[in-house]
Amino acid sequence: QVQLVESGGGSVQPGGSLRLSCAASGRSFSIHTMGWYRQAPGKQRELVARITSSDYTNYADSVKGRFTISRDNDKTTVNLQMTSLKPEDTAVYYCHANYRLITTMTDFDSWGQGTQVTVSS
């Protein structure tokens, strides 16, 4: 099983920037996609950004041009650089990974514990 450990997040004023990171760990796995979702109070969890094993990326329309997702060279750490933050970006951000367990050739999903991002003046 793959564990995801998130870091970053916090509070920032509108227009500010934050960086989230998520590291995947485990044994004998291969990542298909990693990404970030967010959930604001009273709303459903939504995709923010995702990156595939071939480095294809896609973003929610609301964050295009402001957020950038990237992976470290080890392919098991994903970063989300968030700029020009708005109050509506306030949410709990969750890291997600879809991966294959090599020993069983079975695909799984894993979620991080979530990290709070608050944008407020």
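Placed above this text is the structure.
Basis of the calculations
Residues numbered from 1 in each chain as written. Predicted model: local features only at pLDDT ≥ 70, side-chain atom pairs only at ≥ 80, totals over all residues. Heavy atoms only, no water. Helix = DSSP H or I, 4+ residues; strand = E, 2+ residues; numbered from the N terminus. Contact = heavy atoms within 4.5 Å. Areas by Shrake-Rupley, 256 points an atom, 1.4 Å probe, with all protein chains shown as cover. Pairing = 2+ DSSP bridges. Axes fitted to C-alpha atoms, helices over the stretch in contact; angles between N-to-C directions. Buried < 20%, exposed > 50% of the residue type's maximum accessible area, 1.4 Å probe, protein only. Phe/Tyr/Trp six-rings, centres within 6.5 Å; stacked < 30°, edge-to-face > 60°. Lys NZ or Arg CZ within 6 Å of the ring centre and 35° of its normal. Core = buried A, V, L, I, M, F, W, Y, C linked by side-chain atoms within 4.5 Å. Salt bridge = Lys/Arg side-chain N within 4 Å of Asp/Glu carboxyl O.

A. Broad picture of the overall build of the chain. A tally of regular secondary structure across the chain gives zero helices and eleven strands. Secondary structure elements of the chain, listed N to C terminal, follow the sequence β-β-β-β-β-β-β-β-β-β-β. C-alpha atoms of the chain, sized along the principal axes, occupy 50 × 25 × 20 Å. Considering only contacts in the chain between residues 6 or more positions apart, those separated by 24 or more positions represent 54%. Element-wise, carbon and sulfur atoms account for 46% of the exposed surface of the chain, whose accessible area totals about 6,400 Å².

B. Main features of the sheet that holds strand β1 (residues 3-8). Here four strands make up an open sheet; going across it, the order is β1-β3-β8-β7 and the pairing antiparallel. Either end of the sheet is taken by a strand with one partner, and the two such strands are β1 and β7 (67-71). The sheet shows a mean angle of 15° between the axes of neighbouring strands, taken without regard to direction. The pairing of β1 with strand β3 (residues 18-25) spans six bridges and is classified as antiparallel. Bridging across to β3, Ser7 finds its partner in Ser21.

C. Just the pairing of strand β8 (residues 77-82), in detail. Of all six residues in β8, five are buried; the element is thus mostly enclosed. Both β3 and β8 contribute to a ladder of six bridges, which runs antiparallel. Following the sheet pairing, Cys22 is matched in β8 by Val78. Direction of pairing for β7 relative to β8: antiparallel, over a ladder of five bridges. Within β8, the residue paired with Ser70 across the bridge is Asn79. Where β7 hands over to β8, the hairpin turn is made up of five residues, of which Lys75 adopts a positive phi near 65°.

D. Focus on the packing of aromatic side chains. Going through the model one piece at a time under the given rule, you end up with three aromatic pairs. Site record: aromatic cluster; members linked through ring pairs are Phe29, Tyr99 and Phe108. Above the face of the Trp111 ring, Arg45 is positioned so that its terminal group lies 4.7 Å from the ring centre.

E. Highlighting the nonpolar core. Counting residues in hydrophobic clusters, the biggest one holds 31 residues, and the most contacted among them are Met34, Trp36, Leu80, Met82 and Tyr93. Residue contributions to this core peak at six residues, all from strand β9 (residues 91-101). Ignoring any residue separated from it by four or fewer positions in sequence, one finds Met82 in contact with Gly16, Ser17, Leu18, Leu20, Arg66, Phe67, Tyr93 and Val117.

F. Quick peek at the pattern of salt bridges. Evaluated as defined, the whole model comprises seven salt bridges. Lys64 is the partner of Asp61 in a salt bridge, and the nearest nitrogen-oxygen pair spans 3.1 Å. By relative accessible area, which is 65% here, Asp61 ends up exposed. Close ionic contact of Asp107 with Arg100 constitutes a salt bridge, the shortest N to O distance being 2.7 Å.

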